[in-house]
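Examination of the molecular architecture
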Amino acid sequence: MGTDDGTDLPKISAPARRALLGAGYRRLDQLAGVQESELLKLHGMGPKAMTILRAALEERDLSFRDG
């Protein structure tokens, strides 16, 4: 996973990637425990990116925080 930007984030749209990086998220494990609703507030995050992130977290036996 990840790209040349030093992250291990899965392949998501450029706006979604910029939104996560701008909010300080560089690693997938940092998203574990974050509420999906909080990430959706970031400009550039959408349902498709959230689906990809959710699946990537599940592959590592991690998940977003409920609520």
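Predicted, not measured: the structure shown is a model, and the values here were computed from it.

The next thing to look at is the overall build of the protein. Across its full length, the protein carries 3 helices and 0 strands. In sequence order, the protein lays out its α and β elements as α-α-α. Against the 2.2 N^0.38 benchmark of 11 Å for 67 residues, the protein shows a C-alpha radius of gyration of 11 Å, consistent with a compact globule. Along the longest, intermediate and shortest principal axes, the C-alpha atoms of the protein span 30 × 25 × 20 Å. Looking at the protein residue by residue over its 67 residues, the buried ones come to 34%. Put simply, of all contacts in the protein between residues at least 6 apart along the chain, 45% involve residues at least 24 apart. Surface accessibility of the protein: about 4,100 Å² in total, with carbon and sulfur atoms responsible for 50%. In the protein, which carries 10 positive and 10 negative side-chain charges, the distance between the mean positions of the two groups comes to 7 Å.

A few words now on the pattern of salt bridges. A complete count under the given rule lists 4 salt bridges for this structure. With its nearest N and O atoms 3.1 Å apart, the salt bridge here joins Arg27 to Asp29. On the basis of relative accessible area, Arg27 is assigned to the partly exposed category, the value being 43%.

Considering the arrangement of structural elements, one finds Ala49 in helix α3 (residues 47–59). Using a relative accessible area of 7% as the deciding quantity, one classes Ala49 as buried.

The next thing to look at is the environment of Arg27. Turning to its location among the elements, Arg27 is positioned in the loop between α1 (14–22) and α2 (36–40). When the C-alpha atoms of Arg27 and Pro10 are compared, they prove to be 9.5 Å apart, with 17 residues separating the residues in sequence. Beyond its immediate chain neighbours, meaning those up to four positions away, Arg27 contacts Asp8 and Leu9. A polar contact is formed between the side chain of Arg27 and the side chain of Asp29, at a distance of 3.1 Å.

Rules of the game
- Residues numbered from 1 in each chain as written.
- Predicted model: local features only at pLDDT ≥ 70, side-chain atom pairs only at ≥ 80, totals over all residues.
- Heavy atoms only, no water.
- Helix = DSSP H or I, 4+ residues; strand = E, 2+ residues; numbered from the N terminus.
- Rg over C-alpha atoms; globule rule 2.2 N^0.38 Å.
- Buried < 20%, exposed > 50% of the residue type's maximum accessible area, 1.4 Å probe, protein only.
- Contact = heavy atoms within 4.5 Å.
- Areas by Shrake-Rupley, 256 points an atom, 1.4 Å probe, with all protein chains shown as cover.
- Lys, Arg positive; Asp, Glu negative; His and termini not counted.
- Charge placed at Lys NZ, Arg CZ, Asp CG, Glu CD.
- Salt bridge = Lys/Arg side-chain N within 4 Å of Asp/Glu carboxyl O.
- Polar contact = N/O pair within 3.5 Å; in protein donor to acceptor, adjacent residues only side chain to side chain.

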